[in-house]
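# Architecture at a glance
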Amino acid sequence: MAALVGALAVTLALMVWGASGASAGGPTSVLVTSPASGEATARYHSDKEYGELERLLGPANSGTPDKPPGADLTRARQINVTWLAHDISPWRLDRVFPVHGSGSPTVWIHTAANMPDSTNGYWHRAEHASQLRALLIDLGVMGEISGEGYQGIFPAPWQSQTPAETPPDEAPTTVRVGVAEATDDTDWWWALPGAAAGAVLALALRPLAPRLPWGRPRRERGPRQELRDL
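Residues numbered from 1 in each chain as written. Predicted model: local features only at pLDDT ≥ 70, side-chain atom pairs only at ≥ 80, totals over all residues. Heavy atoms only, no water.

## Concerning the overall build of the protein chain
A count of helices and strands for the protein chain gives four helices and eight strands. Taking all 230 residues of the protein chain together, 31% fall into the buried category. Within the protein chain, residue pairs in contact and separated by at least 24 positions form 60% of the contacts whose partners lie at least 6 positions apart. Only carbon and sulfur atoms are counted for the fraction: they give 58% of the accessible area of the protein chain, which is about 15400 Å². (Helix = DSSP H or I, 4+ residues; strand = E, 2+ residues; numbered from the N terminus. Buried < 20%, exposed > 50% of the residue type's maximum accessible area, 1.4 Å probe, protein only. Contact = heavy atoms within 4.5 Å. Areas by Shrake-Rupley, 256 points an atom, 1.4 Å probe, with all protein chains shown as cover.)

## Concerning the nonpolar core
Residues Val32, Leu53, Leu57, Ile79, Val81, Val96 and Leu132 are the most contacted members of the largest nonpolar core, which totals 20 residues. If you list the elements that add at least two residues to this core, you get β1 (27–34), α2 (48–57), β3 (79–85), β5 (106–112) and α3 (129–139). What Leu132 contacts, discounting residues up to four positions off in sequence, is Leu53, Leu56, Leu57, Val96, Val107, Ile109 and Ala126. The next biggest cluster of nonpolar side chains, apart from the first, holds seven residues, and it includes Ala71, Val99, Trp108 and Trp123. (Core = buried A, V, L, I, M, F, W, Y, C linked by side-chain atoms within 4.5 Å.)

## Observations concerning the side chain of Ser118
Locating Ser118 in the fold gives a position in the loop between β5 and β6 (122–125). Judged by relative accessible area, Ser118 falls into the buried class, the value being 12%. A polar atom in the side chain of Ser118 sits 3.0 Å from the backbone nitrogen of Asn120. (Polar contact = N/O pair within 3.5 Å; in protein donor to acceptor, adjacent residues only side chain to side chain.)

## Overview of the environment of Arg92
Looking at the element boundaries, Arg92 is found in strand β4 (residues 89–99). For Arg92, the residues in contact, after removing those within four places along its chain, are Leu57, Gly58, Pro59, Ala60, Val81, Thr82, Trp83, Thr111, Ala112, Ala113 and Met115. A polar side-chain atom of Arg92 sits 3.0 Å from the main-chain carbonyl oxygen of Gly58.

## Notes on the packing of α2 against α3
Orientation of α2 relative to α3, taken along the N-to-C sense of each, is 145 degrees, at an axis distance of 10 Å. When the axes of α2 and α3 are compared, the crossing they make is left-handed. Seen from α2, the contacting residues are Glu49, Glu52, Leu53, Arg55, Leu56 and Leu57; seen from α3, they are Gln131, Leu132, Leu135 and Leu139. Of the residues assigned to the contact of α2 with α3, the class counts are six nonpolar, one polar and three charged. (Axes fitted to C-alpha atoms, helices over the stretch in contact; angles between N-to-C directions. Left-handed = near helix turned anticlockwise from the far one by under 90°. Nonpolar A, V, L, I, M, F, W, Y, C, P; charged D, E, K, R; others polar.)

## Structural notes on the confidence of the model for the protein chain
Chain-level statistics for the protein chain give a pLDDT mean of 75 and a share of 58% at 70 or above. Confidence drops under pLDDT 50 across residues 12–24; counting only partners more than four residues distant or on other chains, this segment forms nine contacts. Taken together, the stretch residues 170–191 has pLDDT below 50 and engages in 18 contacts with residues farther than four places along the chain or on a different chain. (pLDDT = per-residue confidence, 0-100.)

## Considering the pairing of β4
Across the eleven residues that make up β4, a large majority, eight, are buried. Two strands pair when backbone bridges link them, and β3 and β4 are joined in this way by seven bridges, in the antiparallel orientation. Across the sheet, residue Leu84 finds its bridge partner in β4, namely Pro90. Here β3 hands over to β4 after three residues, with His86 in that stretch at a positive phi of 60 degrees. (Pairing = 2+ DSSP bridges.)

## Here's the deal with the sheet that holds β4
An order of β2-β1-β3-β4-β5-β6 is seen for the six strands of this open sheet, with the pairing classed as antiparallel. Each having just a single partner strand, β2 (39–44) and β6 make up the two edges of the open sheet. Averaged over all neighbouring strand pairs, the angle between strand axes comes to 20 degrees, with direction disregarded. Bridging between β1 and β3 involves six bridges; their strand directions are antiparallel. Pairing of Val30 across the sheet is with Trp83, part of β3.

Next up, the structure:
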């Protein structure tokens, strides 16, 4: 019984450990750089500019995988906005292209939200271009172009895609599991704590098996005979 209680305690601990690991972490900071001017700045998630920048850049998976024909970027500079988890792991990259010239301000954005596994992303036009440009100026990344800078790395065409990157006009593929269906991005790793708990429970119950009713051999019915040496 002591071993059984210990196994149950270990099982509960493994389940709690798995749940806490899944809920821990998340985006914490953002790095904004201007390759052309050599300027850079950063904001923490508790800063006001962090939420404002996230709002003005728009959702991650909206737009088109291909650069829109109307996006003339010949007079645009590139601003890189890299979102970090735990301050060290990039998970989203926005490449922002404010177009210079007269007329109404225009800002094109390419968002890749499956970093670092893929740089595939979506193009869309900023809904509030004036506010976004003003925020980039306040962040100090819209200075004069420096001769020591460079134009930046332009988004490449889409490569082989993962299910999480399926374009909006394509339905995600499904995998049949028994009688149920689940998408390819099912959180399969949740099964790991259960498998580990099952292994621990099996090891703990093994010494008790001979003492349990179902672990005792059945006695055969009928008379018993003894063989004696005469």
